[in-house]
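Understanding the architecture of this molecule
Residues per chain, in single letters:
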Amino acid sequence: MAKYIIEGGRELYGSLTVRGAKNSVLTLLAASILTPETVILNDCPDISDVAVMLQILRKLGCKVSRRDSSIEIDSSGLHSYKIACDPAKELRSSVFMLGSLLSRIKRARAVYPGGCDIGLRPIDIHLAGLRELGVTIGERHGHIDCDGTHAHAADIVLDLPSVGATENLIMACVFLDGISVLRNCAKEPEIVDLQNFLNAMGAKVRGAGGSVITVEGVKRLHGVEYTPIPDRIVAGTWLIGAAMCGGKLTVENVCPEHISSLLAKLPKSSCKIYPRDGKIAIESKGRPPAVAKTETMYYPGFPTDLQAQMTALQSVSDGTAVIVENIFETRFRSAVELCKMGADITVSGNTAVVRGVESLYGTRVTATDLRGGASLVLAATAAQGRSEIDEIHHIDRGYEDLSVILPSVGVKITREG
Ligand code: UD1
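Before going into details, it helps to say that this report is about the structure given with it. If you're wondering where the values come from, they're calculated on a predicted model, not measured in any experiment.

**A closer look at empty space enclosed by the protein**
All chains considered together, the criterion is met by four cavities of 30 Å³ or more. In this model, the largest cavity occupies a volume close to 80 Å³. Considering the residues around the largest cavity, the lining is formed by L102, S103, K106, L133, V135, G148, A151, A172, F175 and L176. Of the residues that constitute the lining of the largest cavity, the class distribution is seven nonpolar, two polar and one charged. In this structure, the second largest cavity spans a volume of roughly 50 Å³. What lines the second largest cavity is simply L12, W238, G241, C245, V377, L378, T381, L406 and V411. Those elements that provide at least two residues to the lining of the second largest cavity are α8 (232-245) and α12 (370-382). Grouping the constituent residues of the lining of the second largest cavity by class yields seven nonpolar, two polar and no charged.

**Structural notes on the environment of I170**
Inspection of the secondary structure assignment puts I170 in helix α6 (residues 163-173). Between the alpha carbons of I170 and I389 there is a distance of 39 Å; along the sequence they are 219 residues apart. If we skip the residues at most four places from it in the chain, I170 touches L182, I191, L194, L198, V205, I213 and V215.

**Observations concerning the pattern of salt bridges**
Counting across every chain of the model gives 23 salt bridges. For R19, the salt bridge identified is with E400, shortest N-O distance 3.0 Å. Of this pair, R19 sits in the loop between β2 (12-17) and α1 (22-31) while E400 sits in the loop between α13 (393-396) and α14 (402-405), and the two are 381 residues apart along the sequence. By relative accessible area, which is 32% here, R19 ends up partly exposed. Connected via shared salt-bridge partners are K3, E7, R364, R386, E388 and D390.

**Digging into the sheet that holds strand β3 (residues 39-41)**
The four strands are arranged β4-β5-β3-β13 in an open sheet whose pairing can be described as mixed. Looking along the sheet, the strands with just one partner apiece sit at the ends: β4 (63-67) and β13 (224-226). Each adjacent strand pair in this sheet contributes to an overall mean axis angle of 15°, direction not counted. Note: β4 against strand β5 (residues 70-74), five bridges, orientation antiparallel. Paired with R66 across the bridge in β5 is I71. Each of β3, β5 and β13 touches α1; the most contacted strand, β3, lies at about 175° to it. The sheet strands contacting helix α7 (residues 189-200) are β3 and β13, and the helix crosses β13 at an angle near 150°.

**Focus on the packing of aromatic side chains**
Taken as a whole, this structure holds two aromatic pairs when the rule is applied. Look at F197 and Y226: their rings are 5.4 Å apart centre to centre, the planes differ by 80°, and that puts the pair in the edge-to-face class. Placement of the pair is F197 in helix α7 and Y226 in strand β13, with a sequence separation of 29 residues. The two residues F197 and Y226 agree in class, both being buried. Geometry around Y81 places R107 over its ring, the cationic atom sitting 4.2 Å from the centre.

Here is what the cut-offs are and how they apply
- Residues numbered from 1 in each chain as written.
- Predicted model: local features only at pLDDT ≥ 70, side-chain atom pairs only at ≥ 80, totals over all residues.
- Heavy atoms only, no water.
- 1 Å grid on protein atoms, 1.4 Å probe; cavity = no way out; pocket = protein on both sides within 12 Å on 5 of 7 lines; lining within 4 Å.
- Points joined across faces, edges and corners; volume = space filled by probe spheres on them.
- Nonpolar A, V, L, I, M, F, W, Y, C, P; charged D, E, K, R; others polar.
- Helix = DSSP H or I, 4+ residues; strand = E, 2+ residues; numbered from the N terminus.
- Contact = heavy atoms within 4.5 Å.
- Salt bridge = Lys/Arg side-chain N within 4 Å of Asp/Glu carboxyl O.
- Buried < 20%, exposed > 50% of the residue type's maximum accessible area, 1.4 Å probe, protein only.
- Pairing = 2+ DSSP bridges.
- Axes fitted to C-alpha atoms, helices over the stretch in contact; angles between N-to-C directions.
- Phe/Tyr/Trp six-rings, centres within 6.5 Å; stacked < 30°, edge-to-face > 60°.
- Lys NZ or Arg CZ within 6 Å of the ring centre and 35° of its normal.

Right under this line is the structure:
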C-alpha cells in the first residue's frame, strides 16, 4: 500500500499551478459521448478518478487517448449501454453516464455508484428526475436499468440542489423535443462549465449558475475542444495549507470568485491575500486566530470539499472553532486521525468543536477519504517531526502525485510503495 512520508515544520514558498477541476472533467467526460465526433478536453489532472472514468468510456466502446494534460475522446464506436461494473463501483460520477447514455442510445445500465465513504449518498433525485422525463427504470440485483425510448421534455423540481442530479438531468434533456425546465438546481461553477461545454457543442442550455435551468432540445451535437474551469477545491487546499504552515505562496490558475466563501474565512490578521489576474498570492505569518464558526452549504456557501482542510487549519489556530457539516453525514472521519497528531477535536453528530493547539506532532495516520487525506497532508506539513500517511489511494483520486508537486514549494514529502 502506497504512503506519503512528510518531514513537517515547513513553511510554503513559491507557486503552484492548479489544473482543470476534477468535478468538471469527470462530468465533461460523461458528456463527451453526446456526440460521435471527437472531443478534446485540455488541462485534465492526472488523477485516478479521471483514469477510472476513461476506463468506463473504453469499456463502452470509446477510443480514448491522453497526450500530456489533453484527453481526446472518440465515441463513434460506442457499442454498449452497460456501464462496466468494476470501475463504476469505484466512482460516483459513473452515475452521470446514465443521462448521457440515455441521450445517445436511449438505454443505460449502471451499478449503484461508489466514491468516497462520507455518508449515505443516495441517487433518488437522479432517478426521480429521469422518471419525470419518461424514462422507465428497473432496479434489480444492484443494477439500475434505464429505458429512454419514450423520454420527453418535462418540468422538474429537484428535491435538493444536488450537483450530480442537476448535471445528469441536463445531459438527459439535450435531445428531447421541446423545452425541459429544471428547478431547484445546484449552482456550482462546474454546472456552468457543463452548460458552456454543451453549448459549445451546439446545445441550448440556459440558466446554469441560477436555480432554474432550461434545456431546449436540439437534433445533434458536434465535436469540440474545451478547457474546463480550474479546480477550486485544489486551489483552496493550497491556500489553507499556506495559512496553516506560514510562508508566501502563489496559487496560479484560480477563479477567486469560485472560492470567495473560503477567502472570507481565511484569518485577516495572520494572512494577507492578493487575488489578481487568475492568481491568488497569500502571505501568512504567525499562529492564525480561530474562525468562530464554519458551516458547509451548497454553492456559493462554504464547500463541503474544503471542510476537512478547514478543520485541520482550525486545529492549530488560536482559540476554539465550531465546524458544522450540512451536506454529508460522516465527513469528520479524518478528525480522528488529526487527534492522533495532537489535535483537540470533539465531534458530535454533524458538528466538530476544534480547540486549537500550539502545534501538531508527526505520527502515523491513515487517509480515510479524498479530502480528509488532503487535510492530513497539510497537517503533517505543519506538524513538528515526521509523519506517515497510509492509504493514499484516496488522495490520488483528486490530487496529482504530491511527492512531485509539493517539493517545489518547500514541502519535504516522499512517496513509498
Ligand atoms: C458532488 C461532488 C462532490 C461534492 C458534492 C457536494 C462530483 C463528482 N462530486 O457530489 O465532490 O462534495 O457535489 O458539493 O461532482 N442527495 C440525495 N439524493 C440524490 C443526490 C444527492 O439525497 O439523489 C444528497 C446527498 O446525500 C448530499 C446532498 O444531496 O447530502 C448533495 O449531494 P450532491 O450535490 O448530489 O453531491 P454529488 O453530486 O454526489
